[in-house]
Amino acid sequence: MQYIEIKKRMNRFSRVIPLVGLCLTMASCNDTEGTIGLSSEPVALGIGTIDVPDQPSTRAGVTTGKIGIYVTKSDFYPSITNREGAYSSSKWTPASAIWLNNKNAEVAVVWPKQSGNATFGLQAKEWNSSEDIFSGKRTDVNNQNGATLTFDNLKPVYTRLKLTVNKVDTYKGPGKWSKISLSGANIHQQGNYNPLTEKVDAQTGVGYTKEISPEKSIDGGVIDLRLLPVDALTEDMTLVLTVDGKDMSVKVPKDQFNRTKMERGTYYELAVKVSTIGVIIQSLQFNEWENTAKIIESGTSQS
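Here the structure is a predicted model, which means the values were calculated and not measured. (Residues numbered from 1 in each chain as written. Predicted model: local features only at pLDDT ≥ 70, side-chain atom pairs only at ≥ 80, totals over all residues. Heavy atoms only, no water.)

Quick look at the overall build of the chain
Reasoning step 1: The helix and strand tally for the chain stands at 1 helix and 23 strands.
Reasoning step 2: When each of the 303 residues of the chain is scored for burial, the buried share is 40%.
Reasoning step 3: Put simply, of all contacts in the chain between residues at least 6 apart along the chain, 69% involve residues at least 24 apart.
Reasoning step 4: Carbon and sulfur atoms make up 50% of the accessible area of the chain, which totals about 15500 Å². (Helix = DSSP H or I, 4+ residues; strand = E, 2+ residues; numbered from the N terminus. Buried < 20%, exposed > 50% of the residue type's maximum accessible area, 1.4 Å probe, protein only. Contact = heavy atoms within 4.5 Å. Areas by Shrake-Rupley, 256 points an atom, 1.4 Å probe, with all protein chains shown as cover.)

Here is the structure:
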């Protein structure tokens, strides 16, 4: 009797085990983009809205060009780097589907899409709005909200520094401004940006120098630069202006920048005056990088 009872129990288990194996197999068959285990119905990632600052109102919700989509590797999702997405039928969709389950995924979007894989290159230079790059990240993406996501937090990956130069009344030279140099331990010419960590690494080229041609007048001359963001300024920035063939320098104290950082998506406006003996800092203001910029903090004047 005992033998018969044991055999009956074994038969019941033998019917259950293959069914469980079949369910796991079906889940893994749909797991090419991260649907893992026995979860609720997978949903393909779609992005309904991408908003960026400092764009004409007709482009507040961008629908042109391509985007790059990134997903952080986890126990529930594979790593995805710079998968192309395009806008069609009122939303952005990746070139090949990204499947979401009921676990949260960390997803980043870059517009416009850049070359590269996990990171893409940044280059300090004079600012041009047509070359702006925007990036944003969400950590709460799953099959409940992922079909028509909204990314309204995209920010420029660069920081901007607009320098305005004037002269003191007693300056007697012709006032021709021919070069600008920025230096400091944290100022670099190139680097790589990671949309998922939102950090710049692999920086090269210490400092930044630009020849100004044609020369600008120091009676209201302006230059607008895009620079690599800096998480922590460890020393003061040195600004050198070449005026009438003479180099003039001034230290810009690191604590005059908000939280001793040069944050991405922040617009710094530095005003200086040139005298016969050097450069005088008038003010440093920090603005949100958007058309209707609001001053969020101001540095103190220096003489």
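Observations concerning the sheet that holds strand E19 (residues 237-243)
Reasoning step 1: Reading across from one edge, E17-E14-E19-E20 is the order of the 4 strands in this open sheet, with antiparallel pairing throughout. Every interior strand has two partners, whereas the edge strands, strand E17 (208-217) and strand E20 (246-252), have only one. Adjacent strand axes in the sheet meet at a mean angle of 20°, parallel and antiparallel pairs treated alike.
Reasoning step 2: Across 6 bridges, strand E14 (residues 176-183) lies against E17 in antiparallel orientation. Its bridge partner being in E17, Leu 182 is matched across the sheet by Tyr 208. (Pairing = 2+ DSSP bridges. Axes fitted to C-alpha atoms, helices over the stretch in contact; angles between N-to-C directions.)

Describing the packing of aromatic side chains
Reasoning step 1: Following the criterion strictly, the structure yields 5 aromatic pairs and no others.
Reasoning step 2: When the ring of Tyr 87 is compared with that of Trp 92, the centres are 5.5 Å apart and the planes differ by 65°; the resulting orientation is edge-to-face.
Reasoning step 3: Of the residues examined, Trp 92 reaches a relative accessible area of 0% and is grouped as buried.
Reasoning step 4: Relative to Tyr 268, the ring of Phe 257 lies with its centre 5.4 Å away and its plane at 65°, an arrangement referred to as edge-to-face. With Phe 257 in the loop between E20 and strand E21 (266-274) and Tyr 268 in strand E21, the pair connects residues that are 11 residues apart, well separated along the chain. Each member of the pair, Phe 257 as well as Tyr 268, carries the same accessibility label: buried. (Phe/Tyr/Trp six-rings, centres within 6.5 Å; stacked < 30°, edge-to-face > 60°.)

Re the pattern of salt bridges
Reasoning step 1: Overall, the coordinates contain 10 salt bridges when judged by the stated rule.
Reasoning step 2: Ionic pairing is found between Glu 126 and Lys 210, a salt bridge with its closest N-O pair at 3.5 Å. Note that Glu 126 is positioned in strand E9 (residues 125-126) and Lys 210 in strand E17, a separation of 84 residues in sequence.
Reasoning step 3: For Glu 126, a relative accessible area of 33% corresponds to the partly exposed category.
Reasoning step 4: In this structure Lys 210 comes out as partly exposed when scored by relative accessible area, which is 23%.
Reasoning step 5: Among the salt bridges present, the one from Arg 160 reaches Asp 224, with a minimum N-O distance of 2.6 Å. With Arg 160 in strand E13 (residues 159-167) and Asp 224 in strand E18 (residues 221-227), this residue pair connects regions lying 64 residues apart in the sequence. When sorted by exposure, Arg 160 lands in the same class as Asp 224, which is buried.
Reasoning step 6: Several salt bridges converge on common partners, so that one network encompasses Lys 125, Glu 131 and Arg 226. (Salt bridge = Lys/Arg side-chain N within 4 Å of Asp/Glu carboxyl O.)

Considerations on the sheet that holds strand E8 (residues 120-123)
Reasoning step 1: Strand order across the open sheet formed by 3 strands is E8-E15-E16, with antiparallel pairing between neighbours. Every other strand in the sheet has two partners, leaving E8 and strand E16 (199-206) as the edge strands with one partner each. Each strand axis lies, on average, 25° off the axis of its neighbour in the sheet, ignoring direction.
Reasoning step 2: With 4 bridges joining them, E8 and strand E15 (residues 188-194) adopt antiparallel strand pairing. Its bridge partner lying in E15, Gln 123 is registered against Gln 190.

Details of the side chain of Thr 238
Reasoning step 1: Positionally, Thr 238 belongs in strand E19.
Reasoning step 2: Within the structure, the side chain of Thr 238 is placed 3.1 Å from the side chain of Lys 251, a separation counted as a polar contact.
Reasoning step 3: Excluding anything up to four places from it in sequence, Thr 238 contacts Ser 181, Leu 182, Ser 183, Ser 249, Val 250 and Lys 251. (Polar contact = N/O pair within 3.5 Å; in protein donor to acceptor, adjacent residues only side chain to side chain.)

A few points about unusual backbone geometry
Reasoning step 1: Residue Trp 111 is joined to Pro 112 through a cis peptide bond whose omega torsion reads -10°.
Reasoning step 2: Within the fold, Pro 112 resides in the loop between strand E7 (105-111) and E8.
Reasoning step 3: The peptide bond linking Ser 213 to Pro 214 adopts the cis configuration, its omega dihedral lying at 0°.
Reasoning step 4: Its location among the elements puts Pro 214 in strand E17.
Reasoning step 5: Backbone geometry at Asn 82 places phi at a positive 55°, although glycine is not the residue there.
Reasoning step 6: Tracing the sequence through the fold places Asn 82 in strand E4 (residues 80-88).
Reasoning step 7: Positive phi, normally seen in glycine, also occurs at Thr 260, with a value near 50°.
Reasoning step 8: Turning to its location among the elements, Thr 260 is positioned in the loop between E20 and E21.

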